[in-house]
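Chain by chain, the residues:
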Amino acid sequence: MIEFKNVEKKYPNNVKALEDINIQIPKGEFVAVIGLSGAGKSTLIRCINRMHDITRGKLIVDGIDIGKLRGYEIRKFRQRIGMIFQSFNLVTRISVLKNVLVSLVPELSAWRKVTGIFSREHKIKALTALEQVGILDKAFVRVDQLSGGQQQRVALARTLAQNPEIILADEPIASLDPVTSKQVMNDFKRINEEMGITVIMNIHHVEIALEYAHRILGVRDGRIVYDGSAKDVTEEV
Ligand code: ADP
Ligand code: ADP
């Protein structure tokens with residue numbers, strides 16, 4: 001469960017990106033955050049893993065007041081939360097499998113990353129994650145030889161291999177064509193339904209949000225202006 005209690009986020013330049021946010025997101029939900037550019041969607045998502053710190057209120061994740069976490073505790077907490085970006089953030093000159101492995105063992109020395117010595121356990125985890133998103137056959141292909149949709153699936157596999165409880169996705173399909181977008185959305189849907197992982201996604205394609213998400217959060221000028229099921233959304237949101 002994720003709880004926002006009177007959350008405010010003001011950036012150092014005094015822009016108030018979030019104000020009076022009071023929401024609860026139970027485990028296993030598929031939430032789409034919609035709204036115009038600059039509404040505060042990205043800020044809302046990024047506060048959940050403390051990429052941004054809130055300036056007022058409380059953000060509680062599974063009973064933990066995350067504002068109280070420090071250094072090492074923040075890193076440990078972040079391991080429970082996967083993050084997917086519009087730009088995939090992969091290392092393009094190495095193989096798909098290696099991308100997943102390297103992020104599984106971040107403490108690995110640079111030398112071992114280059115020589116590619118990974119434990120059997122990590123390899124099984126990585127290959128299983130690739131299978132879960134349907135790109136096991138691309139394991140030994142370099143990332144720069146894949147399409148955008150396939151690259152986003154690699155990013156998803158990389159996150160899944162870490163067994164996250166929550167996946168935050170910031171405009172994951174914004175740079176993909178409509179057909180590929182649907183494939184990626186179907187992966188998120190499967191991950192949510194079959195693995196019970198909470199998915200919170202920013203998305204500016206309202207029709208796709210309504211098709212896939214259980215719950216819609218409409219954001220405008222840093223405030224929640226709609227919170228409800230996809231089927232009750234009206235034009236105005
Ligand atoms: P959205 O994701 O809906 O496009 P954002 O959360 O990115 O909205 O931005 C909300 C508001 O906060 C905007 O006015 C934006 O310019 C501002 N903002 C976002 N990030 C920063 C930052 N790092 N520093 C200052 N202002 C920011
Ligand atoms: P997106 O909407 O795809 O997240 P943006 O172009 O809004 O991308 O923002 C890109 C980066 O710049 C983000 O890290 C955001 O936090 C930061 N940013 C956005 N608006 C501002 C701003 N007014 N001042 C400083 N940084 C900003």
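Description of the structure in this document. (Residues numbered from 1 in each chain as written. Chains lettered and ligands numbered in written order. Predicted model: local features only at pLDDT ≥ 70, side-chain atom pairs only at ≥ 80, totals over all residues. Heavy atoms only, no water.)

### Digging into the environment of Gly 196
Note on placement: Gly 196 falls in the loop between helix H7 (178-195) and strand S8 (198-202). A relative accessible area of 27% places Gly 196 in the partly exposed class. In the structure, Gly 196 is positioned 166 residues away from Phe 30 in sequence and 9.7 Å away in space, judged by C-alpha atoms. Residues within four places of Gly 196 in sequence aside, it is in contact with Lys 27, Gly 28 and Ile 191. (Helix = DSSP H or I, 4+ residues; strand = E, 2+ residues; numbered from the N terminus. Buried < 20%, exposed > 50% of the residue type's maximum accessible area, 1.4 Å probe, protein only. Contact = heavy atoms within 4.5 Å.)

### With respect to the site of ligand 1
Neighbouring residues of ligand 1: Tyr 11, Asn 13, Val 15, Ala 17, Leu 36, Ser 37, Gly 38, Ala 39, Gly 40, Lys 41, Ser 42 and Thr 43. Taking Ser 42, its main chain carries an N or O atom lying 2.7 Å from an oxygen atom of ligand 1. Here Thr 43 contributes a side-chain N or O atom positioned 2.5 Å from an oxygen atom of ligand 1. Of the residues forming the shell around ligand 1, the biggest block, three residues, is contributed by helix H1 (residues 41-48). Per-class residue counts for the shell around ligand 1 are five nonpolar, six polar and one charged. (Near = heavy atom within 4 Å. Polar contact = N/O pair within 3.5 Å; in protein donor to acceptor, adjacent residues only side chain to side chain. Nonpolar A, V, L, I, M, F, W, Y, C, P; charged D, E, K, R; others polar.)

### What about the nonpolar core?
If you look at the biggest cluster of nonpolar residues, it comprises 48 residues, and the most contacted ones within it are Phe 188, Ile 203 and Ile 216. Ranked by residues supplied to this core, first place goes to helix H3 (residues 96-104) with six residues. Residues within four places of Ile 216 in sequence aside, it is in contact with Ala 32, Ile 34, Ala 209, Leu 210, Tyr 226, Asp 227, Gly 228, Ser 229, Ala 230 and Val 233. In this structure, Val 61, Ile 200, Leu 217 and Val 219 belong to the second largest nonpolar core, which totals 28 residues. (Core = buried A, V, L, I, M, F, W, Y, C linked by side-chain atoms within 4.5 Å.)

### Considerations on the pairing of S8
The buried count for S8 comes to five of five residues, which makes it a mostly enclosed element. Relative to S8, strand S3 (residues 30-34) is paired through four bridges, and the arrangement is parallel. By the bridge assignment for S8, Ala 32 is matched with Met 201. Taken together, the five bridges between strand S7 (residues 166-170) and S8 define a ladder with parallel strand orientation. Pairing of Ala 169 across the sheet is with Met 201, part of S8. Each parallel crossover has a hand, and the one from S7 via H7 to S8 is right-handed. (Pairing = 2+ DSSP bridges. Right-handed = clockwise from strand over helix to strand, strands pointing away.)

### Here's the deal with the sheet that holds strand S4 (residues 56-61)
The pairing of strands in a sheet happens through backbone hydrogen bonds and is either parallel or antiparallel. Sheet architecture is open: four strands sit in the order S2-S1-S4-S5, paired in antiparallel fashion. Of all the strands in the sheet, the pair left with one neighbour each is strand S2 (16-25) and strand S5 (64-65). When strand S1 (residues 2-10) meets S2, the two strands line up antiparallel, connected through six bridges. Bridge pairing links Glu 3 to Gln 24 in S2.

### Some points on the sheet that holds S7
Spatial ordering of the open sheet is given by S6-S7-S8-S3-S9-S10, a layout of six strands whose pairing is mixed. Bordering the open sheet on either side are strand S6 (81-85) and strand S10 (223-229), each of which pairs with just one other strand. The average undirected angle you get between the axes of adjacent strands in this sheet is 15 degrees. By the bridge criterion, four bridges tie S3 to strand S9 (residues 215-220) in an arrangement that is parallel. Along S9, the bridge assignment pairs Val 33 with Leu 217. (Axes fitted to C-alpha atoms, helices over the stretch in contact; angles between N-to-C directions.)

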